[in-house]
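The lines below spell out each chain.
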Amino acid sequence: MTAGRRAAAGSPVPPAHPIHHLENVMGTIVTIDVYTVAGVADAEVAELDGQLARARATLHHADEVFSTWQPRSPISRLRSGEITGAEAPAEVAEVLERCATARELSGGWFDPWAMPGGIDPTGYVKGWAAQEALAAFSARCIVGAIVNAAGDIASFGGLGSGKPFRIGIADPLSPRRLAEIVELTGGIATSGSYERGSHLIDPHRGCPSARAASASVTGPDLGLADALATAVAVAGTPGLAFIEPVENYEALIIGFDGSRRWTEGFPFAPREATLSC
């Protein structure tokens, strides 16, 4: 934990950053950052520690239930036919119901039931788990929090004084560079093959395929944003058409030629903000 700094007279007091935690889970590193008002009391620090512990436990429980790499996980046992949906933990039914909603919203471009080897909700679960972990943080001293699951980010609040979080989107053609910066008021998920190779599956053909170098989707729920980003990356530019009617969700596509297409309300940071970052 770190204490807040005293600001100069007349200037806004910067938030404290008492939690910066890296958790090795779900085959990746999940980063948790929590910002608070300056000068939190010892009791509030203890409360934050407890909420961090719950967030970590949430992530590991999601991995235990939904890992397709663990043969004894409930989702693996469901895939193999060893158990039925009724015999699986309650969160399996919850996640599959939400996956069915994502499948309908995406016109079938996201479809865990069409994956090789059996049902695979992985394209939804990472975002869902990050969103569930974020919900652990409820202390009144918090002004903003971020759970970053390998680039899929759930958040609330910001840096205080009305300042939103600003998040960079990697350029898929040059991943060490930023293609765009967004002002985040919820979640953002990015899907593409530029880091993990051809892992995206076209559910209509049952084979690896991507029609965009990357697709980013923003929205209030990271699980749904994660699923829709997967769908748009596979569908390509036509995928923007099924994002437009989904309330409070926006999308950006970067093509293999570097071209960009986006929905009308995509939350790009103002140009002056991007220049100062």
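Structure's up top.
Reference entry: report on the structure contained in this document.

Turning our eyes to something else, we now look at helix 3 (residues 90-105). Side chains that are three or four residues apart share a direction in an α-helix, a result of its 3.6 residues per turn. Its 16 residues give helix 3 an end-to-end C-alpha distance of 23 Å, which sits within 8% of 22 Å, the value for a rise of 1.5 Å per residue. By the burial criterion, the buried members of helix 3 are Glu91, Val92, Val95, Leu96, Cys99 and Ala102. Seen from one end, helix 3 has its buried residues packed into an arc of 130°, which puts them on one side. Across from the buried face of helix 3, at angles greater than 90 degrees, the exposed residues are Ala90, Glu97 and Glu104. Looking at the buried positions of helix 3, the neighbouring elements they touch are helix 1 (42-66), helix 2 (74-80), helix 4 (122-134) and helix 5 (222-235).

Glancing now at the packing of aromatic side chains. Two measures describe an aromatic ring pair: the distance that separates the ring centres and the angle between the ring planes. Taken as a whole, this structure holds four aromatic pairs when the rule is applied. With a centroid separation of 5.7 Å and 50° between ring planes, the pair formed by Tyr35 and Phe165 is classed as tilted. On the criterion of sequence distance, the pair formed by Tyr35 in strand 2 (residues 28-36) and Phe165 in strand 5 (residues 165-171) is long-range, its members being 130 residues apart. Between Trp262 and Phe268, the ring centres sit 5.2 Å apart and the planes meet at 85°, which makes this aromatic pair edge-to-face.

Here we come to the pattern of salt bridges. Considering all chains together, one arrives at ten salt bridges under this definition. Close ionic contact of Arg166 with Glu183 constitutes a salt bridge, the shortest N to O distance being 3.3 Å. Placement of Arg166 in strand 5 and of Glu183 in strand 6 (residues 174-184) is noted, with a sequence separation of 17 residues between them. A salt bridge links Arg260 to Glu180, with the shortest nitrogen-to-oxygen separation between them at 2.9 Å. Note that Arg260 is positioned in strand 12 (residues 260-262) and Glu180 in strand 6, a separation of 80 residues in sequence. A residue is classified by how much of its surface remains accessible, and Arg260, at 27% relative accessible area, is partly exposed.

Moving on, we come to the side chain of Glu91. Among the structural elements, Glu91 can be located in helix 3. The buried charged residue Glu91 lacks any salt bridge, with Arg98 as its nearest oppositely charged partner at 11 Å. When near neighbours in sequence (up to four residues on either side) are disregarded, Glu91 contacts His61, Val65, Phe66 and Trp128.

On to the packing of helix 1 against helix 4. Close contact between helix 1 and helix 4 brings their axes to 8 Å; oriented N to C, the two are set at 155°. It follows from the interaxial angle that helix 1 and helix 4 lie roughly antiparallel. Read as a crossing pair, helix 1 and helix 4 show a hand that is right-handed. In contact with Ala55, Thr58, Leu59, Ala62 and Phe66 of helix 1, helix 4 contributes Val125, Trp128, Ala129, Ala130, Glu132 and Ala133.

With 65 residues, the main nonpolar core has Ile32 and Val217 as its most contacted residues. At eleven residues, the largest contribution of residues to this core is made by helix 5. Among residues more than four places away in sequence, those in contact with Ile32 are Ile19, His20, His21, Leu52, Ala55, Leu59, Phe137, Ile146 and Val147. Core analysis: the next-biggest nonpolar cluster, separate from the first, contains eleven residues, Ile167, Ile169, Ile188 and Phe266 among them.

With that out of the way, let us pick up the pairing of strand 10 (residues 214-219). Across the six residues of strand 10, six count as buried, placing the element largely inside the fold. Both faces of strand 10 are covered, namely the face carrying Ser214, Ser216 and Thr218 and the face carrying Ala215, Val217 and Gly219. Bridging between strand 7 (residues 187-192) and strand 10 involves six bridges; their strand directions are antiparallel. Considered in strand 10, the bridge of Thr190 is made with Ser216. Pairing geometry for strand 10 and strand 11 (residues 250-254), over five bridges, is antiparallel. Directly across from Val217, in strand 11, lies its bridge partner Ala251.

About the criteria used
Residues numbered from 1 in each chain as written. Predicted model: local features only at pLDDT ≥ 70, side-chain atom pairs only at ≥ 80, totals over all residues. Heavy atoms only, no water. Helix = DSSP H or I, 4+ residues; strand = E, 2+ residues; numbered from the N terminus. Expected span 1.5 Å × (residues − 1). Buried < 20%, exposed > 50% of the residue type's maximum accessible area, 1.4 Å probe, protein only. Arc of directions from axis to C-beta. Contact = heavy atoms within 4.5 Å. Phe/Tyr/Trp six-rings, centres within 6.5 Å; stacked < 30°, edge-to-face > 60°. Salt bridge = Lys/Arg side-chain N within 4 Å of Asp/Glu carboxyl O. Lys, Arg positive; Asp, Glu negative; His and termini not counted. Axes fitted to C-alpha atoms, helices over the stretch in contact; angles between N-to-C directions. Parallel < 35°, antiparallel > 145°, perpendicular 65-115°, else oblique. Left-handed = near helix turned anticlockwise from the far one by under 90°. Core = buried A, V, L, I, M, F, W, Y, C linked by side-chain atoms within 4.5 Å. Pairing = 2+ DSSP bridges.

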